[in-house]
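Structural overview
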Amino acid sequence: MVQLPDRPGVFPAHVRGRDPATDLALLEIDTKGVAVTPAVFGDSEFVYVGDWVLAIGAPYGFEQTATQGIVSAKGRSLPGDSYVPFIQTDAAVNPGNSGGPLFDADGNVIGVNASIENPTGQRVFVGIGFAIASNTAQRFIPDMIAGRPI
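The shown structure was predicted, so the numbers you read here are calculated from the model rather than taken from an experiment.

Glancing now at the overall build of the protein chain. Counting secondary structure elements, the protein chain contains 1 helix and 10 strands. For the protein chain, the N- to C-terminal ordering of α and β elements is β-β-β-β-β-β-β-β-β-β-α. Here the protein chain, with 150 residues, has 34% of them falling under the buried criterion. A separation of at least 24 residues holds for 49% of the contacts in the protein chain among residues at least 6 apart in sequence. Of the roughly 8,600 Å² that the protein chain leaves accessible, carbon and sulfur atoms contribute 56%.

See below:
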């Protein structure tokens, strides 16, 4: 079930595909004829260090939370994971933000919030968050729709 922030009630959702390595999933929702405007993907190739970003999610169950920050780096790999080049940001990303959009200043989705890194090993934000670049996430969509492993 999916709840939209500007619509009452919930909508049935169907998982069209998933990728355990990136923790991405593609959901299809039945809006029962209600018009829904999807967010627009931006081109993460044109994201630059210093650009302002907005991370949306539900950290610790606090729905519709927005945090701001800047892009700190591009093309980051996390320790033990060289599979995905991440956008690094100082926008607060906490447990519950995963899967939420990372917007640029024009309102385009330039990343999918994915992870935090904390030297203590605790899953709490310390100023370093990561998002899967939108161009990377979009490459997986056709395979997810077709049901092919990624």
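After that view, the rundown keeps rolling.
Okay, the environment of G107 next. Here G107 is to be found in the loop between β8 (101-104) and β9 (109-116). Here G107 falls in the partly exposed class, since its relative accessible area comes to 39%. Remark: the alpha-carbon pair of G107 and A39, spanning 68 residues in sequence, is separated by 8.2 Å.

This paragraph deals with the nonpolar core. By size, the foremost hydrophobic cluster in this structure holds 11 residues: V47, V53, A55, V71, I87, A91, V93, L102, I110, A131 and A133. Of all the secondary structure elements, the ones that give two or more residues to this core are β5 (52-57) and β10 (129-133). Apart from residues no more than four positions distant in its own chain, V53 is found in contact with T67, Q68, G69, I70, V71, T89, A91, L102, F103 and I110. Core analysis: the second largest hydrophobic core is formed by 10 residues, L78, F86, V112 and M144 among them.

The next subject is a nonpolar patch on the surface. A contiguous nonpolar surface patch, about 220 Å² in accessible area, is contributed by V15, L27 and I29. Turning to its location among the elements, L27 is positioned in strand β4 (residues 24-29). The partly exposed category is assigned to L27, whose relative accessible area is 47%.

Turning to the packing of aromatic side chains, a few remarks are in order. If you walk through the whole model with that rule in mind, you get 1 aromatic pair. Measuring from ring centre to ring centre gives 5.9 Å for F86 and F130, while their planes differ by 70 degrees; the resulting arrangement is edge-to-face. Taken together, the positions of F86 in strand β7 (residues 81-89) and F130 in strand β10 put the pair 44 residues apart, joining distant regions of the chain. The pair F86 / F130 is uniform in exposure class, with both members buried.

Before going further, it helps to spend a moment on helix α1 (residues 134-146). Note that an α-helix has 3.6 residues per turn; residues three or four places apart therefore point the same way. Of all the bends found along α1, the most pronounced is centred on F140 and spans about 25 degrees, while P142, a proline, follows it within four residues. Along α1, the residues classified as buried are S134, T136, A137, F140 and M144. Immediately downstream of α1, the backbone of G147 shows phi near 80 degrees, a positive value.

Pairing between side chains of opposite charge can happen when their charged atoms approach one another. Applying the stated criterion across every chain yields a total of 1 salt bridge. Between R16 and E28 there is a salt bridge whose closest N-O contact spans 3.3 Å. Of the two residues, R16 is situated in strand β3 (residues 13-19) and E28 in strand β4; the sequence distance between them amounts to 12 residues. By relative accessible area, E28 is classed as partly exposed at 41%.

Another aspect to go through is the confidence of the model for the protein chain. Across the protein chain, the average pLDDT comes to 85, with 88% of residues at 70 or higher. Confidence, read as mean pLDDT per element, is least for β7 in the protein chain (79) and greatest for β8 (96).

What follows covers the side chain of S134. On the secondary structure map, S134 appears in helix α1. Of the residues examined, S134 reaches a relative accessible area of 0% and is grouped as buried.

Cut-off values and rules
- Residues numbered from 1 in each chain as written.
- Predicted model: local features only at pLDDT ≥ 70, side-chain atom pairs only at ≥ 80, totals over all residues.
- Heavy atoms only, no water.
- Helix = DSSP H or I, 4+ residues; strand = E, 2+ residues; numbered from the N terminus.
- Buried < 20%, exposed > 50% of the residue type's maximum accessible area, 1.4 Å probe, protein only.
- Contact = heavy atoms within 4.5 Å.
- Areas by Shrake-Rupley, 256 points an atom, 1.4 Å probe, with all protein chains shown as cover.
- Core = buried A, V, L, I, M, F, W, Y, C linked by side-chain atoms within 4.5 Å.
- Patch = residues over 30% accessible without salt bridge, like charges linked within 9 Å, V, L, I, M, F, W, Y side chains within 5 Å.
- Salt bridge = Lys/Arg side-chain N within 4 Å of Asp/Glu carboxyl O.
- Phe/Tyr/Trp six-rings, centres within 6.5 Å; stacked < 30°, edge-to-face > 60°.
- Bend = angle between axes of the 7 residues up to and from the residue.
- pLDDT = per-residue confidence, 0-100.

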